[in-house]
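One-letter residues, chain by chain:
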Amino acid sequence: MRNIYRLIAVAVCLLAASCGRNATPVYLDDRKPLEKRVEDALSRMTLDEKIAMIHAQSKFSSPGVPRLGIPEVWCTDGPHGIREEVFWDEWKGAGWTNDLCTAFPALTCLAASWDPEMSAIYGKAIGEEARYRNKNVLLGPGVNIYRTPLNGRNFEYMGEDPYLASVMVVPYIQNVQKQGVATCVKHFALNNQEFHRHDVDVTVSDRALYEIYLPAFKAAVEEGKAWSIMGSYNLWDGEHCCHNHRLLVDILRGEWNFDGAVISDWGGVSDTRQSLENGLDLEFGTWTDGLARNSGGSDAYNNYYMANPLKRMIESGEGDEAKVDDKVRNILRLIFRTTMDRNRPYGSFATEEHAEVSRRIAENGIVLLKNDNEVLPLLPDSVSKILVVGENATRKMTKGGGSSSLKVKYEVLPLDGLKNVYGEEKIIYMKGYSSDADEKVETLDELKAAAAECDAVLFFGGLNKKKTQDSEGRDRLEFGLPYGQDAVIEALSEANPRLAAVIISGNAVAMDWAAKVPAIVEGWYLGSEAGNALANVLSGKVNPSGKLPFTYYAKLEDCGAHAFGEESYPGITPAGDTDAAIYAADIPTEQMAKKIFKQRYCEDIFVGYRWTDLYNLEPTFPFGHGLSYTTFEYSNMRLDKNSMRANGRIKVSADIRNTGKVRGAEVVQLYVGDNEASVERPIRELKGFRKVFLDPNEKTTVEFVIDRSALQYFDAEQHCWMVETGTFTASIGSSSRDLRCKAEFELR
Ligand code: BGC
């Protein structure tokens, strides 16, 4: 009997042991809560494995834990398409043939659509492309505020207004992440210029920080639930943003409860202790210049700040391993949400559907800035000869510009798009100007003679993503158009009154010729379908509906950032030198990094239209401006009540009618201003918008809710948002300067 009991006991033990052996470890069991899985994986890792996980192993990847089957992290730029494969240790393209992607419009164009639905389809499509290419971190979107039109990377961001950028960024993030790909929202924070981007030390008031520069990041974290964020190159208050305690520990984690991974910008790390203690999780791109600085060559990755130097710090007891554990937790969470999510979709790549999405977004974002005498649309039947002038009609714009440069499956050039719509025989092309100083092009007289012979003239110019022309690492050197384009435009305007100028850019440019040119279009960098989208808008197949996400200043000095001298832009050395010479001489980043440039955001909260409104400056085209081939009438603005308490809400609405002859879309904008604030406040700020599509004579009612968030300002001393009682004005209109109806209400 006893033997039987013993046998049963042994059998039970064996069974239990074998169950234990085969049981899925908690970290691999996706029915278990995320945090349990994270802790389980962490508990199995050695210090070496932890250290390996928190820094790069190649240009764009970091190791997982091979022993535990935890996959690597693979990042890709972002934010307009999936970057080509590069060599393990180099920026150079690896020459793969399966990585020709769809290029989506630059984020300025997306913002110009003022349509969150466009952000959603953008996110889904680019997320699918990233997923198909087995990338689990998309390095984008970028939401740095457009502070100056000279910033070389504005085209990668979403304009000058924190509310617009906040609303537009959220659906992008959500829809990328539905594909099991993390977004990496960049560049956190205050990275508002490329000039001395590694060593400019920004000073900004807390009020401007919270009201202008942080809201889009906050929305990305709190509403978008972004799974990672990228620290920026610059310093804030003396500390590099990739390991800036206040930014990453106090604000990002402390105030916004971010539980994702903080990834450094490539080469943005410069200190081991700060990296350990100030909230950075993953180090990339140190010695980003091809590993040359580290003479160790192939073991360069082991010498990253968060590699051997950090390990030594931990082993000697000078650093706290618990802080390393926190980093590992954040990266594990990222991996569990992406590569280790067994339910994530498979993605798709360079499909017709994605091209269609890209074209739709482009068509929604193109902005008709001016259209006197109804020069546009150029209906195909109304023209037999069109003169197309300008290098940008034939220049690929998906290449260049820095890290967002793409290797695309195809890109439709504007000239080809026009030929598709009008037929080859109707199009005459002349280059007009050249970005190559040695190249000779037609004389102005020749251009004029040709223009006079045609029914209409389309000029394609602007910037071109070459160095200092909307490109990473360099700001623009002038507000004006390069390569003598102004003279070409003026000549054409003298020769033919049916002239439209299409500006391809991610920035406002000086347009001293604006009064002489009847039609002007902002054509952005539009991606794979650029030419088709532009031709569809110019020919009237698509009715333009984009609105400017930034102010088109008449002159550079009208921008607040430029109204205070070089301390405000681009910054000065502590000795007070302005040092433009260093920039002009194109000194390598490493030498520049030895200098710290001090910069003060002197215009404070008055960025963009907040500044031009305050001083009543007339922009060439205001924030929110954009025309249509139809017209809209605003009427019957009403509030559901005339007063509210601080926690209350007021509904405000207006009727919009399409009063023209074609179907079109209007972006109805709500601005709110505090009439009797005790602190200085912008005259009005964007607090709501809705894009409505209407048939001729169709009418709709647009309703907005005004709540506390639309009335508040940030009180830096008390470190909280405040609302003050008194009267406020709500204005509804078609741009920040074309306000069609107003109503006052009271906060009691
Ligand atoms: C850029 C980032 C980019 C990274 C990787 C950096 O130089 O600032 O935006 O994602 O390189 O290419």
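Residues numbered from 1 in each chain as written. Predicted model: local features only at pLDDT ≥ 70, side-chain atom pairs only at ≥ 80, totals over all residues. Heavy atoms only, no water.

Novice: An account of the nonpolar core is requested, with residue identities and associated values reported.
Specialist: Core analysis: the largest hydrophobic core is formed by 123 residues, its most contacted members being Ile70, Phe188 and Leu332. The next biggest cluster of nonpolar side chains, apart from the first, holds 81 residues, and it includes Leu368, Leu458, Leu556 and Phe597. (Core = buried A, V, L, I, M, F, W, Y, C linked by side-chain atoms within 4.5 Å. Buried < 20%, exposed > 50% of the residue type's maximum accessible area, 1.4 Å probe, protein only.)

Novice: Please provide a residue-by-residue account of the site of the ligand, values included.
Specialist: Surrounding the ligand, one finds 15 residues, the nearest of these being Asp77, Arg153, His187, Tyr233 and Asp265. One of the side-chain nitrogen or oxygen atoms of Arg153 is found 2.7 Å away from an oxygen atom of the ligand. The separation between an oxygen atom of the ligand and a polar side-chain atom of Lys186 is 3.0 Å. Within the complex, 97% of the 310 Å² of free accessible area of the ligand lies under protein. Among the residues making up the shell around the ligand, the classes are represented as 6 nonpolar, 2 polar and 7 charged. (Near = heavy atom within 4 Å. Polar contact = N/O pair within 3.5 Å; in protein donor to acceptor, adjacent residues only side chain to side chain. Areas by Shrake-Rupley, 256 points an atom, 1.4 Å probe, with all protein chains shown as cover. Nonpolar A, V, L, I, M, F, W, Y, C, P; charged D, E, K, R; others polar.)

Novice: I'd love a proper account of the pattern of salt bridges, names of residues and values included.
Specialist: Applying the stated criterion to the full structure yields 53 salt bridges. As a salt-bridge pair, Asp325 and Lys50 come within 2.9 Å of each other at their nearest N and O atoms. Taken together, the residues span a long stretch of sequence, with Asp325 in helix α12 (residues 321-337) and Lys50 in helix α3 (residues 47-53) at a distance of 275 residues. The exposure class of Asp325 is buried, given its relative accessible area of 15%. Residue Arg153 is joined to Glu472 by a salt bridge in which the shortest nitrogen-to-oxygen separation is 3.4 Å. One end of the pair, Arg153, is in the loop between β3 (137-139) and α6 (162-177); the other, Glu472, is in the loop between β13 (456-462) and α16 (485-495), with 319 residues separating them in the sequence. (Salt bridge = Lys/Arg side-chain N within 4 Å of Asp/Glu carboxyl O. Helix = DSSP H or I, 4+ residues; strand = E, 2+ residues; numbered from the N terminus.)

Novice: Can you explain the sheet that holds strand β20 (residues 664-674)? Please cite residues and give values.
Specialist: The strand order β18-β26-β25-β20-β21 describes an open sheet built from 5 strands, whose pairing is mixed. Only two strands of the sheet have a single partner each, and these edge strands are β18 (643-644) and β21 (685-694). For β20 and strand β25 (residues 726-733), the ladder comprises 6 bridges, and the chain directions are antiparallel. When the sheet's bridge partners are listed, Val672 is paired in β25 with Ala730. (Pairing = 2+ DSSP bridges.)

Novice: Describe in detail the sheet that holds strand β5 (residues 200-203), supporting the description with residues and values.
Specialist: An order of β8-β7-β5-β16 is seen for the 4 strands of this open sheet, with the pairing classed as mixed. On the outer flanks of this sheet lie β8 (239-240) and β16 (597-600), each paired with one strand and no other. Relative to strand β7 (residues 235-236), β5 runs parallel, the two sharing 2 bridges. For Val202, the partnering residue across the bridge sits in β7 and is Trp236.

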